[in-house]
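One letter stands for each residue in the lines below.
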Amino acid sequence: MNYSQWPDQSRGYGSANGNSIPWETDINRDAGYPVWETKRGPISPSTIGEGISNYPTPNALEIIEEDPPTFRGTTHHRSCGYTFSSWLPEFLGCILGMLALTVDVLILGLADGQPPTKLTRIVTINSLIQFITSVAKFSFMSPIVSVLGQLKWLWFNDDSRPLTDFELHDSAGSGGLGSVKFSLTLRMLFRLPIAWLAAIIALSGFMTSPLTQQAIGYGSDRQALINGTASISRASTFSRSNGTGFKPAHGDELLVQTAYLTAAYLGPNQTLPGVDPICSSGDCDWPIYGSLALCAEVVNLSASTNSSLLFWLQEVLLVELRYSQYSTFFSQAGSAPYYLALQIPFTDPSTEFKEAPFQTVISQTFIGYFNSPVNLTNNTDLAKMQYIGVSLYFCTQSFSTTVKGGIHNTTELAYTNSILSSSTTESLNSYWNSALVVNSICGPGPLTGSTITLRGATGVSNETYTIDFCTAAYLSGLYIVGTSGGILLDLHHAVADSVGQISQALGIAIYGDANSSAIPDPATQYGNIKFMMENIGKSLTSFMRNEGPTFPKQDNATITGTAYAPQTIIHIRWPYISFLAAQLGLTIVILLFTIVATYRGRMQILKGSSLATMCALSPGARIQLGGMKDMEGVKQRAKGISVRLERGADGELKGLDTA
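Summary of the structure given here. Because the structure is predicted, anything quoted here is derived from the model rather than measured.

1. Looking at the pattern of salt bridges
Next up, step 1: Tallying each qualifying case throughout the model produces nine salt bridges.
Next up, step 2: Residues participating in the shared-partner salt-bridge network are R222, D283, D285 and K404.

Here you go:
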């Protein structure tokens with residue numbers, strides 16, 4: 001539809017009262033719409049009629065002549081003045097949004113795995129992230145609104161569209177029902193997908209803060225306590241010697257006896273006492289640490305091919321039976337059958353033991369027993385004796401200790417018996433070095449102050465451990481005297497006689513308890529002896545470790561661990577942050593697309609300007625649309641009106657006109 005144009009300095013279109021209504025804006029200036037010249041001077045009916053005669057009436061639009069329009073000025077298209085600076089607010093919004101996202105990520109990264117109060121003490125981490133996310137949401141919503149407004153003009157630039165699409169685009173940027181309505185309009189999805197995507201982003205703004213808040217999770221984790229207490233004792237030195245000589249502490253003898261007796265008579269469902277750590281929180285752990293210890297080596301001597309050894313063992317047994325503390329009883333026993341078990345010290349180091357050098361050994365014994373009742377006066381019966389060898393020696397061990405729920409667990413990791421240095425060639429075994437019968441050796445004597453230094457076990461191999469010779473010889477004497485002996489059982493496993501503190505434990509290990517009618521098989525007998533002797537070594541190790549802080553010249557007798565307590569910890573679920581990142585990323589893509597499309601379409605940058613909307617509609621379209629008094633009628637008529645952006649001969653936009 002074309003209208004005549006009269007060039008003049010004052011333009012307008014008439015109203016009923018004869019006054020002119022200006023209609024010259026950026027969108028329609030020089031656009032070729034009908035204008036009329038206002039007469040200067042008094043208005044009279046003739047001048048009114050003259051003015052009307054120069055303006056086409058609404059009811060006679062179709063009879064207006066198609067006069068070629070005249071244009072004022074040059075043919076320069078205003079969109080040639082297109083500058084990217086017009087999009088500066090939107091770019092700044094995107095930059096601000098990316099900065100807010102970066103701050104969100106930095107804060108969440110710093111808070112991940114930390115207590116809620118470590119990063120922020122004035123406000124909660126949730127409140128801080130919500131505020132920054134709100135800034136990010138504002139930053140991407142501002143460009144989205146501008147983009148939807150600009151895409152509206154591009155939508156009408158290409159073809160005639162229903163006038164109702166104008167209102168549909170205007171409401172799409174609200175993020176509310178308008179966005180829902182736009183996104184549900186499928187023709188927008190297929191014909192203007194970039195605007196449809198922008199509406200989806202606007203609609204998704206409702207989920208930005210809730211989903212970002214979901215990134216902040218809370219859990220419980222073990223945290224080290226600054227003021228917690230965790231300590232455990234060990235023995236890096238074993239000594240009761242001072243500057244003048246060896247002097248055992250009060251109660252040492254009782255503690256040693258308690259240690260080996262507890263282990264020997266340990267019940268099948270009992271736990272061997274150990275070293276109790278100190279843990280203030282009930283949840284502690286320690287680094288790998290080492291300590292002096294006593295290790296046991298058990299050998300099945302009956303399986304040895306050393307015939308000289310077996311002959312020697314039998315000779316020693318006969319001497320013990322006939323000329324020792326057992327001789328009177330055995331002579332009175334007569335020819336009645338008995339079960340017998342004995343533990344007798346080796347008088348010299350035996351080559352059957354391979355694990356330790358003789359210097360560190362505190363006891364080497366053999367246990368003799370019979371698998372059937374024998375006549376003690378019959379040498380043929382006595383020749384049927386079976387032998388198990390036991391060696392107890394100093395070693396170093398490495399340990400790992402933890403406390404969980406107030407229950408501690410200590411695990412032996414490794415052990416070794418490597419001598420680094422020794423100031424004597426004598427053995428710690430008091431049966432071999434005559435300490436049992438010659439008190440002058442350490443009281444004081446030539447071996448007073450002598451030491452043996454051992455290397456640390458695996459994990460603590462850089463450490464050294466010192467054994468005082470006289471203190472170890474004293475321990476050896478207590479153990480040998482207390483554990484040597486034997487037991488005599490009748491056919492019903494009742495005790496006929498016993499000598500030694502652990503003789504009954506030997507009887508149970510070899511022949512079973514009093515309620516058992518069958519004798520354990522040889523493998524079980526060997527396993528029982530091995531279990532008992534290893535427990536004795538562990539129990540004596542615990543004795544040394546518990547007494548460790550009381551030994552002189554030992555500054556590192558206590559190992560410090562770490563105490564933990566459950567603490568609320570922030571756990572960041574990073575996938576939720578990707579939602580905000582996607583919104584910002586898509587906003588930037590849509591903005592760049594709109595800028596390029598606007599430039600290539602030589603479209604003015606109007607965005608969502610309400611003034612441009614007010615000025616864009618041509619008078620003819622306004623007349624068809626009707627007045628504001630009947631808005632329901634306006635909506636109905638708008639559905640039947642199609643408009644598009646019209647351009648003049650110079651390519652400049654004139655406004656929205658009916659198709």
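2. A few points about the layout of surface pockets
Next up, step 1: In this structure, the second largest pocket encloses a volume near 640 Å³.
Next up, step 2: As for the second largest pocket, its lining consists of 27 residues, of which L272, F399, T410, E412 and K538 are closest to the centre.
Next up, step 3: Elements supplying a minimum of two residues to the lining of the second largest pocket: β9 (289-299), β13 (386-404), β14 (407-416) and α15 (522-547).
Next up, step 4: Ranked by the residues each element gives to the lining of the second largest pocket, the list is headed by α15, at eight residues.
Next up, step 5: Along the lines of polarity and charge, the residues of the lining of the second largest pocket split into nine nonpolar, 11 polar and seven charged.

3. What about the side chain of Q525?
Next up, step 1: By the secondary structure assignment, Q525 is in helix α15.
Next up, step 2: Looking at Q525, its side chain comes within polar contact range of the side chain of N371, at 3.3 Å.
Next up, step 3: Other than its neighbours up to four places away in sequence, Q525 contacts Y369, N371, I388, A509, I510, I519 and P520.

4. Notes on the packing of aromatic side chains
Next up, step 1: As enumerated under the stated definition, the model contains 10 aromatic pairs in all.
Next up, step 2: Ring geometry for F238 against F394: centres 5.6 Å apart, planes inclined by 45°, an arrangement best described as tilted. Placement of F238 in strand β6 (residues 237-238) and of F394 in strand β13 is noted, with a sequence separation of 156 residues between them.
Next up, step 3: Judged by centre distance (5.4 Å) and plane angle (90°), the rings of F238 and F551 are edge-to-face.

5. A closer look at the sheet that holds strand β17 (residues 464-468)
Next up, step 1: Taken in spatial order, the four strands line up as β6-β17-β16-β15 in an open sheet, and their pairing is mixed. Edge positions in the sheet fall to β6 and β15 (419-422), since each of these pairs with one other strand and no more.
Next up, step 2: Each of β6, β16 (451-455) and β17 touches helix α13 (residues 469-483); the most contacted strand, β17, lies at about 65° to it.

6. A short note on a nonpolar patch on the surface
Next up, step 1: The grouping of L88, L92, I95 and L99 at the surface amounts to a nonpolar patch, some 380 Å² of accessible area in total.
Next up, step 2: Note that L92 resides in helix α2 (residues 88-111).
Next up, step 3: Judged by its relative accessible area of 48%, L92 is partly exposed.

7. Notes on the side chain of Q213
Next up, step 1: Relative to the elements of secondary structure, Q213 occurs in helix α8 (residues 193-214).
Next up, step 2: Judged by its relative accessible area of 18%, Q213 is buried.
Next up, step 3: In this structure Q213 touches N126, I129 and Q130, once residues within four positions along its chain are discounted.

8. Observations concerning the pairing of strand β11 (residues 361-369)
Next up, step 1: Within β11, nine of the nine residues are buried, leaving the element largely enclosed by the surrounding structure.
Next up, step 2: Where strand β10 (residues 337-345) meets β11, five bridges bridge the pair, whose relative direction is antiparallel. By the bridge assignment for β11, A341 is matched with Y369.
Next up, step 3: Inspection of the sheet shows β11 paired to β13 by eight bridges, in the antiparallel sense. In the sheet register, S363 faces β13, and the bridge partner there is L392.

9. Some remarks on the nonpolar core
Next up, step 1: Among the nonpolar cores identified, the biggest contains 76 residues, and F238, F394, I529, M533, I536 and L540 are the most heavily contacted of them.
Next up, step 2: Here this core gets seven residues from one element, more than from any other, and that element is α15.
Next up, step 3: If we skip the residues at most four places from it in the chain, L540 touches V256, A259, L294, L392, L475 and Y479.
Next up, step 4: In this structure, I129, A136, I194 and A215 belong to the second largest nonpolar core, which totals 58 residues.

10. Notes on helix α9 (residues 252-264)
Next up, step 1: In a regular helix each residue adds 1.5 Å, so 13 residues correspond to 18 Å; α9 covers 19 Å between its end C-alpha atoms and thus fits that length.
Next up, step 2: Turning to α9, its buried residues are D252, V256, A259, Y260, A263 and A264. Down the axis of α9, the sector holding all buried residues measures 125°, keeping them to one side.
Next up, step 3: Taken together, the buried residues of α9 touch α13, α14 (503-511) and α15.

Basis of the calculations
- Residues numbered from 1 in each chain as written.
- Predicted model: local features only at pLDDT ≥ 70, side-chain atom pairs only at ≥ 80, totals over all residues.
- Heavy atoms only, no water.
- Salt bridge = Lys/Arg side-chain N within 4 Å of Asp/Glu carboxyl O.
- 1 Å grid on protein atoms, 1.4 Å probe; cavity = no way out; pocket = protein on both sides within 12 Å on 5 of 7 lines; lining within 4 Å.
- Points joined across faces, edges and corners; volume = space filled by probe spheres on them.
- Helix = DSSP H or I, 4+ residues; strand = E, 2+ residues; numbered from the N terminus.
- Nonpolar A, V, L, I, M, F, W, Y, C, P; charged D, E, K, R; others polar.
- Polar contact = N/O pair within 3.5 Å; in protein donor to acceptor, adjacent residues only side chain to side chain.
- Contact = heavy atoms within 4.5 Å.
- Phe/Tyr/Trp six-rings, centres within 6.5 Å; stacked < 30°, edge-to-face > 60°.
- Pairing = 2+ DSSP bridges.
- Axes fitted to C-alpha atoms, helices over the stretch in contact; angles between N-to-C directions.
- Patch = residues over 30% accessible without salt bridge, like charges linked within 9 Å, V, L, I, M, F, W, Y side chains within 5 Å.
- Areas by Shrake-Rupley, 256 points an atom, 1.4 Å probe, with all protein chains shown as cover.
- Buried < 20%, exposed > 50% of the residue type's maximum accessible area, 1.4 Å probe, protein only.
- Core = buried A, V, L, I, M, F, W, Y, C linked by side-chain atoms within 4.5 Å.
- Expected span 1.5 Å × (residues − 1).
- Arc of directions from axis to C-beta.

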